[in-house]
Amino acid sequence: MSLAHGRAYLAIPGPSVMPEEVLRAMHRAAPNIYEGDLIEMTAGLIPDLRAVARTRQHAAIYISNGHGAWEAALANTLQPGDRVLVPATGRFGHGWAEVAQGQGIAVDMLDFGKRAPIDLNRVEEALRADKAHGIKAVLATHVDTSTSVLNDIAGLRAVLDAVGHPALLMADCIASLACDRFEMDAWGVDVMVAGSQKGLMVPPGLAFVFFSDKAAEARRTLPLVSRYWDWTHRANPQMYYQYFGGTAPTHHLYGLRAALDLIATEGGVEAVWARHDRLARAIWAACEAWGQEGPLELNISDPTLRSRAVTALRIGAPHGSRLRSWVQDHAGVTLGIGLGMAEPGDPAWHGFFRIGHMGHVNAHMVLGALGAIEAGLSALDIPHGAGGLSAAARVIAGKG
């Protein structure tokens, strides 16, 4: 017998759960893209996006996923033959580096593995060694979705300033925007990229690139930029179509308007950060309790280095895949695969899973997912400690 019938819960680290308000906003006939309410609404999105990114600087919207945001950031600031420094802490750090290499950009890789954050001392050594300032940008992932590590972006700016290195600081906030605290202007970030499908609660298809005056100047020095990726007109359009390099992603924009309104209604992005923090700590408390008497282990041991958007877990093969299958088939909860933790053909791939807790999530959703996981651990006779749900409930109640 399956108990999965009813509304399913997608607890993967993106695409995240879409609020009913977003779905209703998108469920409409096609609008006029030449005049009327859509044009005015789009202009109003920009200041609200800036507020979420904590910046007063430039913003460009692309019809793409996060990979497109990576490419747009690079296309507007670098050219073939330039060098970048990539301190990678998981699969997505390597992914951005691969996109750079595909554009003819040389990559200096600092790989910190799958269980550790960026080592700022090693970054400083690399920058000090670059006496000719050949490195044009540092590409850092704020939260790597594969490992759930949270990196110190403000610390990277401090290192660049201490060394006196002119490289642009670029941050990938695809997983973290509107989940983990991020301060673009206060932290001195030159380029930040994000997507619509995680903390912003909108289906995949929109990407965002925020950039500083310094990054804008780098764009002006380039001899050639792809017309589609060029952020010049997107950030300062004279005609409506220039926002998107063509036809607007109309229904995504309606959904985004609804999502930004939800963030404002909650009390702004700081209130959203606080909610994500409490819910994440509830998940960690449950996992730590289960791990007392079994193989379950948080991938990142130090809670100060964990994302509030996603939690990566180690449980050993084949328990990870078995648990994910049981929870989905019997409880209607879909957990994330251990993306990037091992190759799919490697038996170790079956020893990981992830819990996504980003965007439109609340206490009962998190407690429900944790209850389903605990049921799965019991049903599959996977050793685990007692009291996981009680530990999570105490955190939710403000007692943890």
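Residues numbered from 1 in each chain as written. Predicted model: local features only at pLDDT ≥ 70, side-chain atom pairs only at ≥ 80, totals over all residues. Heavy atoms only, no water.

Points about the sheet that holds strand E8 (residues 206–211)
Strand order across the open sheet formed by seven strands is E2-E8-E7-E6-E5-E3-E4, with mixed pairing between neighbours. Of all strands in the sheet, those with a lone pairing partner are strand E2 (58–63) and strand E4 (106–111), marking the two edges. Averaged over all pairs of adjacent strands, the angle between their axes in this sheet comes to 20°, without regard to strand direction. In this sheet, strand E7 (residues 191–195) lies alongside strand E6 (residues 168–172) in parallel orientation, the contact comprising three bridges. Within the sheet, the bridge partner assigned to Ala 171 lies in E7 and is Met 192. Against the sheet, helix H3 (residues 66–75) contacts E2, strand E5 (135–141), E6, E7 and E8, and its axis sits at roughly 160° relative to E7. (Pairing = 2+ DSSP bridges. Helix = DSSP H or I, 4+ residues; strand = E, 2+ residues; numbered from the N terminus. Axes fitted to C-alpha atoms, helices over the stretch in contact; angles between N-to-C directions. Contact = heavy atoms within 4.5 Å.)

Some remarks on the packing of aromatic side chains
Aromatic rings in a pair are described by how distant their centres are and how their planes are angled relative to each other. Counted by the stated rule, this structure contains eight aromatic pairs. Between the aromatic rings of Trp 70 and Trp 96, the centroid separation amounts to 6.3 Å while the plane-to-plane angle is 15°, which identifies the pairing as stacked. Here Trp 70, found in helix H3, pairs with Trp 96, found in helix H4 (residues 91–102); they are 26 residues apart in sequence, far enough to count as distant. No difference in accessibility class separates Trp 70 from Trp 96, as the two residues are buried. Each ring, one from Tyr 228 and one from Trp 229, has its centre 5.2 Å from the other, and the planes form 75°; the classification is edge-to-face. Accessibility expressed as a relative area gives 30% for Tyr 228, which makes it partly exposed. (Phe/Tyr/Trp six-rings, centres within 6.5 Å; stacked < 30°, edge-to-face > 60°. Buried < 20%, exposed > 50% of the residue type's maximum accessible area, 1.4 Å probe, protein only.)

Here's the deal with the UniProt feature "binding site: substrate" (unreviewed entry) in the protein
According to UniProt, the feature "binding site: substrate" (unreviewed entry) maps to Arg 354 in the numbering used here. Secondary-structure assignment places Arg 354 in strand E12 (residues 352–356). Aside from chain neighbours lying at most four places away, what touches Arg 354 is Ala 11, Pro 13, Thr 145, Ser 146, Val 310, Thr 311, Ala 312, Leu 335, Gly 336, Ile 337 and Leu 339. (UniProt positions renumbered as here; feature names shortened; annotations may be inferred.)

Overview of the nonpolar core
Counting 57 residues, the largest nonpolar core has Met 192 and Leu 200 as the members making the most contacts within it. Two domains share this core, each providing at least three of its residues, namely domain 1 (9–16 + 268–397) and domain 2 (31–265). In this structure Met 192 touches Ala 53, Ala 171, Cys 173, Leu 177, Phe 182, Met 184, Phe 208, Val 209 and Phe 210, once residues within four positions along its chain are discounted. (Core = buried A, V, L, I, M, F, W, Y, C linked by side-chain atoms within 4.5 Å. Domains from an automatic or database assignment.)

As for the pattern of salt bridges
Summed over the entire model, instances satisfying the criterion amount to 19 salt bridges. Between Arg 128 and Glu 124 there is a salt bridge, with the nearest N and O atoms lying 2.9 Å from each other. Residue Arg 128 and its partner Glu 124 are located together in helix H5 (residues 120–129), separated by four residues, close to a single helical turn. With relative accessibility at 42%, the residue Arg 128 sits in the partly exposed group. What makes Glu 124 partly exposed here is its relative accessible area of 24%. In this structure, Asp 230 and Arg 219 form a salt bridge, with 2.8 Å as the shortest nitrogen-oxygen distance. (Salt bridge = Lys/Arg side-chain N within 4 Å of Asp/Glu carboxyl O.)

Overview of the sheet that holds strand E11 (residues 333–337)
One open sheet accounts for five strands, arranged E1-E11-E12-E10-E9; its pairing is mixed. A single partner strand is all that each edge strand has here, and the edge strands are strand E1 (9–11) and strand E9 (297–298). Relative to the sheet, helix H12 (residues 363–379) contacts E1, E11 and E12, its axis offset from that of E11 by approximately 80°.

Points about the domain arrangement of the protein
Many analyses report the size of an interface as the accessible area lost when the parts associate. What the domain assignment lists for the protein is domain 1 (9–16 + 268–397) and domain 2 (31–265). Its C-alpha centre places domain 1 at a distance of 28 Å from the equivalent point of domain 2. Counting residues at the interface gives 31 residues for domain 1, matched by 30 residues for domain 2. A combined buried area of about 2,500 Å² lies between domain 1 and domain 2, and 59% of that area is made up of carbon and sulfur atoms. The interface formed by domain 1 and domain 2 holds two salt bridges in total. Linking domain 1 with domain 2 are 17 residue pairs in polar contact (both at pLDDT 80 or more). Put simply, the parts of the chain that give the side of domain 1 that touches domain 2 at least two residues each are helix H10 (269–290), E9 and strand E10 (310–314). Residue contributions to the side of domain 1 that touches domain 2 peak at five residues, all from H10. Residue composition of the side of domain 1 that touches domain 2, grouped by class: 14 nonpolar, eleven polar and six charged. (Buried area = accessible area lost by both parts, 1.4 Å probe. Polar contact = N/O pair within 3.5 Å; in protein donor to acceptor, adjacent residues only side chain to side chain. Nonpolar A, V, L, I, M, F, W, Y, C, P; charged D, E, K, R; others polar.)

Some remarks on the side chain of Gln 242
Within the fold, Gln 242 resides in the loop between helix H8 (232–235) and helix H9 (250–266). Polar contacts involving the side chain of Gln 242 include one to the main-chain amide nitrogen of Met 239, which spans 3.0 Å.

Observations regarding the packing of H12 against helix H13 (residues 388–396)
Put simply, H12 and H13 touch, their axes get as near as 10 Å, and they point 170° apart. With respect to H13, the element H12 is oriented roughly antiparallel. Every residue of H13 that contacts H12 at Ala 363, Leu 367, Leu 370, Gly 371 and Glu 374 is listed here: Gly 388, Leu 389, Ala 392, Ala 393 and Ile 396. Across the contact of H12 with H13, the residue classes break down as seven nonpolar, two polar and one charged. (Parallel < 35°, antiparallel > 145°, perpendicular 65-115°, else oblique.)

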